[in-house]
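# Structure at a glance
Listed here are the chains, written in short residue letters.
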Amino acid sequence: MRVALFPSCLAEGFYPRAVEDAHWLLVAAGAEVTVPEGATCCGQPAYSTGHHADARAMLERTLDALVGADYVVLPSGSCAAMLRCFAPALAADTAVAVAAQMVGERSYELAQFLDEIAGWRPAAHGLAGRLIAVHHGCHALRELHAAESAERLLRAAGAELLPWIAQRECCGFGGAFAVKLPEVSAAMADRKLDTLPEAEWLVSADPGCLMQLSGRAGARGIDLPVRHLAGVLREAARAD
Amino acid sequence: MPTETPIDYRAHARGLLRDTPGVRDAVTRATSHLDGNRELAYAEIDERALRDWAAGLRRHALANLDRYLLQAEERLTANGVEVHWADDASEALAVLATLVQRYAVRRVVKGKSMLTEEIGANAALEGMGVEVFETDLGEYIIQLAHEHPSHIIAPAIHRSVEDIAAQFESQLGTPSDADPEALAAAARARLREAFLSAEMGITGANFVAADSGTVALVENEGNIRLSTSAPRVHVAFVGIEKVVPRLADLGGLLPLISRAATGQRLGNYVSLISGPRRADEADGPEAVHVVFVDNGRSALLGDPEQGEALACIRCGACLNTCPVFRQTGGHPYQWAYSGPIGAVLAPALLGLERAWMLPQASTLCGACEDVCPVRIPLPRMLVTWRQRAAAAGLGFAGEALAVKSWRWVASHPGLFHRSVRAMSGPLGHAFGGVPVLREWTRFRVLPQADDAGEDTP
């Protein structure tokens, strides 16, 4: 099982330890892991802002680097959704249409890959008694339907997932949205933060959402312990 | 068409969040409530089957719109309804002016209608010297406050009860601590006289059934029933997309609209109007007019990527669930239709140049598509509008350049990986002042690499 780990720019930049953790988890799940240098951008920022020719050009280079792998795994639900759900249509009628289709079908968000494809399970008490609030990135939730995998793995390790009235609401990141409509974006993050239950960690599989929520919490002087799901799952693998 | 100023959602949203923070609370509270009601109401039924059926029916109706419109006209006319056609707002208002003159109208009562909001009927009527009474309670509140609706089905959603009590105290003389029932009673007392003295009642239409020539309206307060039956004349303004094939279709569509909108199994009152009072009937209007309004819709219908926006049944579910709408309500959209569906319709009906910013007012979270009772793929359509805007050179300053620069960096893998790794380091933080990042750091703190990550073994 050859897995290409595609870090995604925000994880590589801001959560490099999550990339290492993802690597470790994939190896633990029995994969032969590579991190292809040529995989740079999935094209999502350009795609969602409507610059589709630029998005195609970036996607093309990245597909080239990923097309040889059995699976492509990302520590980012958003970029995984770009490859799986949006890229095939974006690349239709281009020279990389077939590659986009193939890579799309094989692309997974990390937890979904571990849960559904690799059949990996954490140690039963790896997270026993931990109180966790989970924020699902919107693409992981609605495009990939990956939310259940993340929750299943956390629960399997004994974590308690706290109910959160705004859990399924967008945090307001939305890529360029956070920069283009910053006041509305901040108000959306505030809605998440204001309803957040008392948790040890706020966990998400999306670096963008983590940046948004911890960044907004920081600006408001709130001490918010955020963690990428990859780190939490690696910890969950620890037998007690 | 006169050149209109582009809609600046960003500036209006910024001003609203800064100056009237209570709006955000009121809208979030009310929409969360409605959204929760919808979820419960969907759970009671075979949601998937009903939504699939409705989605298919609406698209069938749109694909055969000309046929059903002609059939509706024929049946309505046979029923004694006078049918008018209007290509745009000014033609619709010209029809209205003719009718006002013909029936010597001095006073109009209106049921809630977004189409009359779209074409500016109230201002036109006032210009003709006609007194207009909005009779939906929410709509009446905002009419008294000289505001526009903030929501497709809940026009006063941005207002708190305390706000409204203060407004009614000065305008209607109610006590300052009046509860919602007392406020409604005060409005009812004022409106009763209007219902009895108005010569004309104006409404929209939820649907028009082609096979029977029936205008269908669903509501909760009974004001539409009064507006369509008490005055001598009833005029219904109907968007051409509202035609459905059969009267029997309403048995599925009306309950769906209510479940999606408010979580009710069916609104309190359903009015099915097939014509004016007959000779042997004691009540009802002497004349009924239906004005079919195009106002950009037939052009939208021909748009292969955006045309299915016309399948919308105006339930407002996408507004209720939209996390962007929840922060601002409908006013910053500066148009009759707000929220995700408004952002998709606006560029089509107002022009991309004027409305390009509205499709940007979304994180593409997909919640709207999840709840849409007729399965309109709103996020994909928002992206398509963004694509057209970018192609037309419309968009936020610097965006196209930023994308080009990113593309250039991404085409050099070594440089790309070094750059993204530097983002969280001291250099990246030093760059926190460059234009793009400045917008980020005004409201948020840029993280250090893994600054919150705890140690793993």
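Residues numbered from 1 in each chain as written. Chains lettered and ligands numbered in written order. Predicted model: local features only at pLDDT ≥ 70, side-chain atom pairs only at ≥ 80, totals over all residues. Heavy atoms only, no water.

### Re the overall build of chain A
Of the regular secondary structure elements, chain A holds 13 helices and eight strands. Taking 240 residues into account, the globule formula puts the C-alpha radius of gyration at 18 Å, and chain A, at 17 Å, falls close to it. C-alpha atoms of chain A, sized along the principal axes, occupy 50 × 45 × 25 Å. Within chain A, the proportion of its 240 residues that are buried is 65%. Residue pairs at least 24 apart in sequence account for 78% of intrachain contacts in chain A once pairs closer than 6 positions are excluded. Surface exposure of chain A reaches about 7,900 Å², of which carbon and sulfur atoms provide 49%. (Helix = DSSP H or I, 4+ residues; strand = E, 2+ residues; numbered from the N terminus. Rg over C-alpha atoms; globule rule 2.2 N^0.38 Å. Buried < 20%, exposed > 50% of the residue type's maximum accessible area, 1.4 Å probe, protein only. Contact = heavy atoms within 4.5 Å. Areas by Shrake-Rupley, 256 points an atom, 1.4 Å probe, with all protein chains shown as cover.)

### Some words on the overall build of chain B
Summing up its helical and strand segments, chain B has 23 helices and 10 strands in all. Relative to the 2.2 N^0.38 estimate, which gives 23 Å for 457 residues, the radius of gyration of chain B is 24 Å and therefore close to what a compact globule would have. Taken along its principal axes, the extent of the C-alpha atoms in chain B is 85 × 55 × 50 Å. Here chain B holds 457 residues, and 56% of them are scored as buried. Surface accessibility of chain B: about 18,900 Å² in total, with carbon and sulfur atoms responsible for 53%.

### Some points on the pairing of strand β10 (residues 287-293) of chain B
Counted residue by residue, β10(B) has seven buried out of seven residues, so it is predominantly covered. The side-chain alternation of β10(B) yields two buried faces, one formed by B:Ala287, B:His289, B:Val291 and B:Val293 and the other by B:Val288, B:Val290 and B:Phe292.

### Some details on the domain arrangement of chain B
One can read the domain layout of chain B as domain 1 (45-295) and domain 2 (398-442). One C-alpha centre belongs to domain 1 of chain B, the other to domain 2 of chain B, and the line joining them spans 52 Å. (Domains from an automatic or database assignment.)

### Quick word on the interface of chain B and chain A
At the interface, 61 residues of chain B touch 63 residues of chain A. Summing both partners gives a buried area of about 5,600 Å² for chain B against chain A, and 61% of it is carried by carbon and sulfur. The interface formed by chain B and chain A includes seven salt bridges. For the pair chain B and chain A, the number of links is 23 residue pairs in polar contact (both at pLDDT 80 or more). Of all the elements in the fold, those that place two or more residues in the side of chain B that touches chain A are α1 (9-19), α2 (21-43), α15 (323-328), α18 (367-371), α19 (378-391), α20 (399-410), α21 (413-422) and α23 (435-443) of chain B. The biggest single contributor to the side of chain B that touches chain A is α20(B), with seven residues. (Buried area = accessible area lost by both parts, 1.4 Å probe. Salt bridge = Lys/Arg side-chain N within 4 Å of Asp/Glu carboxyl O. Polar contact = N/O pair within 3.5 Å; in protein donor to acceptor, adjacent residues only side chain to side chain.)

### Observations regarding the pairing of strand β1 (residues 2-5) of chain A
Residue and element names in this part refer to chain A. Alignment of β1 against strand β2 (residues 32-34), held across three bridges, turns out to be parallel. Bridging from a neighbouring strand, Ala4 pairs with Thr34 of β2. Note that β1 and strand β3 (residues 71-74) share three bridges and pair parallel. Opposite Ala4, over in β3, you have Val72 as the bridge partner. (Pairing = 2+ DSSP bridges.)

### With respect to the nonpolar core
Within soluble globular proteins, side chains that are nonpolar generally end up buried alongside one another. One finds A:Leu26, A:Ile132, A:Leu154, B:Tyr9, B:Met200, B:Phe237 and B:Ile341 to be the most contacted residues of the largest nonpolar core, which totals 197 residues. Dropping the residues within four chain positions of it, B:Ile341 is found in contact with B:Ile152, B:Ala309, B:Cys312, B:Cys318, B:Leu319, B:Ile376 and B:Leu378. (Core = buried A, V, L, I, M, F, W, Y, C linked by side-chain atoms within 4.5 Å.)

### Let's talk about empty space enclosed by the protein
All names here are of chain B. Tallying each qualifying case throughout the model produces five cavities of 30 Å³ or more. There is about 120 Å³ of room inside the largest cavity. Around the largest cavity sit 18 residues that line it, and Cys322, Pro340, Ser362, Cys368 and Leu382 are the ones nearest its centre. Only α15, α16 (339-350), α18 and α19 provide two or more residues apiece to the lining of the largest cavity. With three residues, α16 is the largest single contributor of residues to the lining of the largest cavity. When the residues that make up the lining of the largest cavity are grouped by side-chain class, the tally is 14 nonpolar, four polar and no charged. (1 Å grid on protein atoms, 1.4 Å probe; cavity = no way out; pocket = protein on both sides within 12 Å on 5 of 7 lines; lining within 4 Å. Points joined across faces, edges and corners; volume = space filled by probe spheres on them. Nonpolar A, V, L, I, M, F, W, Y, C, P; charged D, E, K, R; others polar.)

### Focus: a negative patch on the surface
Judged by side-chain charge, B:Glu169, B:Asp177, B:Asp179 and B:Glu181 come together as a negatively charged surface patch. In this fold, B:Asp179 is placed in the loop between α9 (161-172) and α10 (180-197). (Patch = residues over 30% accessible without salt bridge, like charges linked within 9 Å, V, L, I, M, F, W, Y side chains within 5 Å. Lys, Arg positive; Asp, Glu negative; His and termini not counted. Charge placed at Lys NZ, Arg CZ, Asp CG, Glu CD.)

### Overview of the confidence of the model for chain B
Residues and elements named next belong to chain B. Predicted confidence across chain B gives a mean pLDDT of 94, with 96% of residues reaching 70 or more. Long-range and interchain partners of residues 452-457, a stretch whose pLDDT sits below 50, account for 16 contacts in this model, where long-range means more than four residues apart. Reported confidence for the predicted complex is 0.96 by ipTM and 0.95 by pTM. (pLDDT = per-residue confidence, 0-100.)

### Notes on the sheet that holds strand β8 (residues 226-228) of chain A
Residues and elements named next belong to chain A. The sheet built from four strands is open, its strands ordered β6-β5-β7-β8 with parallel pairing. Of all the strands in the sheet, just β6 (160-161) and β8 have a single pairing partner and so form its edges. Direction of pairing for strand β5 (residues 131-135) relative to β6: parallel, over a ladder of two bridges. Paired with Leu131 across the bridge in β6 is Glu160. Against the sheet, helix α12 (residues 207-219) contacts β5, β7 (201-204) and β8, and its axis sits at roughly 170° relative to β8. (Axes fitted to C-alpha atoms, helices over the stretch in contact; angles between N-to-C directions.)

### Points about the side chain of B:Ser271
All names here are of chain B. Along the chain, Ser271 falls in strand β9 (residues 269-273). On the basis of relative accessibility, which here comes to 5%, the residue Ser271 falls in the buried class. Beyond its immediate stretch of four places on either side in the chain, Ser271 contacts Val215, Ala216, Leu217, Glu219 and Arg225.

### Regarding the packing of aromatic side chains
Residues and elements named next belong to chain B. Under the counting rule described, the total for this entry stands at 10 aromatic pairs over all chains. The ring centre of Tyr68 lies 4.8 Å from the NZ or CZ of Arg67, which sits over that ring. The aromatic ring of Tyr337 is capped on one face by Arg314, whose charged end is 4.6 Å from the ring centroid. (Phe/Tyr/Trp six-rings, centres within 6.5 Å; stacked < 30°, edge-to-face > 60°. Lys NZ or Arg CZ within 6 Å of the ring centre and 35° of its normal.)

### Some remarks on unusual backbone geometry
At A:His145, a position not held by glycine, the phi torsion is positive, near 55°. Tracing the chain through its elements places A:His145 in the loop between α8 (138-143) and α9 (147-156). A relative accessible area of 56% places A:His145 in the exposed class. At B:Arg314, a residue that is not glycine, the phi angle is positive and equals roughly 55°. Relative to the assigned elements, B:Arg314 resides in the loop between α13 (297-301) and α14 (317-321).

### Remarks on the side chain of B:Thr228
Residues and elements named next belong to chain B. With respect to the helices and strands, Thr228 occurs in helix α11 (residues 223-229). Looking at Thr228, its side chain comes within polar contact range of the main-chain oxygen of Arg225, at 3.0 Å. Apart from residues no more than four positions distant in its own chain, Thr228 is found in contact with Thr203, Leu217, His234, Ile273 and Pro285.

### So, the packing of helix α11 (residues 182-195) of chain A against α12(A)
All names here are of chain A. Two elements in contact, α11 and α12, have axes whose closest approach is 9 Å; the angle formed by their N-to-C orientations is 90°. It follows that α11 is roughly perpendicular to α12 by the angle criterion. On α12, the residues touching Ser185, Ala186, Ala189, Asp190, Lys192 and Leu193 of α11 are Gln212, Leu213, Arg216 and Ala217. Residue composition of the contact of α11 with α12, by class: five nonpolar, two polar and three charged. (Parallel < 35°, antiparallel > 145°, perpendicular 65-115°, else oblique.)

### Remarks on the sheet that holds strand β6 (residues 214-219) of chain B
Sheet strands pair by backbone hydrogen bonding; their relative direction is either parallel or antiparallel. Here four strands make up an open sheet; going across it, the order is β8-β5-β6-β9 (chain B) and the pairing mixed. The sheet is open, and its two borders are formed by β8 (243-244) and β9 of chain B, each paired with just one other strand.

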